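Remarks on the overall topology
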Amino acid sequence: MNSHIEEEPTDGYDENGYDRPSKSQIKREMHALLDLGKQLIELSPERLKQLPLAERLYEAIREAQRTTSREGRRRQTHFVGKLMRDAPADEIRAQLDVWENGSREETAAMHRLETLRDRLLDDDEALTKLLNDNPQADVQQLRSVIRAARKEKLANAALLQGQEPQKKHYRALFQALKTLNH
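Residues numbered from 1 in each chain as written. Predicted model: local features only at pLDDT ≥ 70, side-chain atom pairs only at ≥ 80, totals over all residues. Heavy atoms only, no water.

Some points on the overall build of the chain
Helix and strand counts for the chain stand at 8 helices and 0 strands. For the chain, the N- to C-terminal ordering of α and β elements is α-α-α-α-α-α-α-α. Relative to its full complement of 182 residues, the chain shows a buried share of 28%. Taking as baseline every contact in the chain between residues at least 6 positions apart, the subset at least 24 positions apart corresponds to 59%. (Helix = DSSP H or I, 4+ residues; strand = E, 2+ residues; numbered from the N terminus. Buried < 20%, exposed > 50% of the residue type's maximum accessible area, 1.4 Å probe, protein only. Contact = heavy atoms within 4.5 Å.)

What about the packing of aromatic side chains?
Counted by the stated rule, this structure contains 0 aromatic pairs. Positioned above the aromatic ring of Y170 is the side chain of K167, whose terminal nitrogen or guanidinium carbon lies 4.9 Å from the ring centre. (Phe/Tyr/Trp six-rings, centres within 6.5 Å; stacked < 30°, edge-to-face > 60°. Lys NZ or Arg CZ within 6 Å of the ring centre and 35° of its normal.)

Quick word on the packing of helix α3 (residues 55-66) against helix α4 (residues 70-83)
Where α3 meets α4, the axes come as close as 9 Å, and the angle between the chain directions of the two elements is 160 degrees. It follows from the interaxial angle that α3 and α4 lie roughly antiparallel. Crossing geometry of α3 relative to α4 is assigned as left-handed. Contact with α3, carried on its side by R56, L57, A60, I61, E63, A64 and Q65, involves R73, Q76, F79, V80 and L83 of α4 and no other residues of that element. A per-class count over the contact of α3 with α4 returns 7 nonpolar, 2 polar and 3 charged. (Axes fitted to C-alpha atoms, helices over the stretch in contact; angles between N-to-C directions. Parallel < 35°, antiparallel > 145°, perpendicular 65-115°, else oblique. Left-handed = near helix turned anticlockwise from the far one by under 90°. Nonpolar A, V, L, I, M, F, W, Y, C, P; charged D, E, K, R; others polar.)

Quick look at α3
Think of an α-helix as turning once every 3.6 residues; residues three or four places apart then point the same way. Helix length check: α3, at 12 residues, gives a terminal C-alpha distance of 17 Å against a target of 16 Å (1.5 Å per residue), a fit within 8%. Those residues of α3 that sit buried are L57, Y58, A60, I61 and A64. Each buried residue of α3 lies within a common arc of 165 degrees when the element is viewed along its axis, so the set occupies one face. Facing away from the buried surface of α3 by more than 90 degrees, the exposed residues are E55 and R56. Considering only its buried residues, α3 is in contact with α1 (23-41), α2 (45-49) and α4. (Expected span 1.5 Å × (residues − 1). Arc of directions from axis to C-beta.)

Quick look at the side chain of E152
Mapped onto the elements of the fold, E152 is located in helix α7 (residues 139-157). For the buried E152, no salt bridge exists, and the shortest N-O distance to an oppositely charged side chain is 7.2 Å, to R171. Setting aside anything within four residues of it in sequence, one finds E152 in contact with Q166, K167, K168, H169 and Y170. (Lys, Arg positive; Asp, Glu negative; His and termini not counted. Salt bridge = Lys/Arg side-chain N within 4 Å of Asp/Glu carboxyl O.)

What follows is the structure, encoded as structure tokens:
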């Protein structure tokens, strides 16, 4: 039995016999760099300074940010896209991803703490569980903050329409939880 094993071409040519990327592949890469350039134009100067950008590219991006006319901005954006060919695109994409997803994770953590705070105000069992999960916690301080926040919540429920609710202890409880979880 003779099995036919196809070997990868090692002569520098692709499966179609071409020795360089196709025109459409080059076009896709150029559009990807243009899109990345557009993302950079939307960033603040502080964020831009944190990226590995050549001075010329940084200045071109800042110029695009200052350009108000539609056609002028379009031309400047394409110039940024052209300069992106020499930029470390993968490093830049990685940093943009960290900024975008990092903030998502922080938001999720914030929501978890808010939910925990609300449970602590409504249920003593939540405090028991919290103390079991965090034996290093200052029990007296937590009980005191929760008690004050519950009082505040009751007082706020009794307010007349138009009166400003108090949030001091509600916020203090959130900060205590934040400190506990870091």
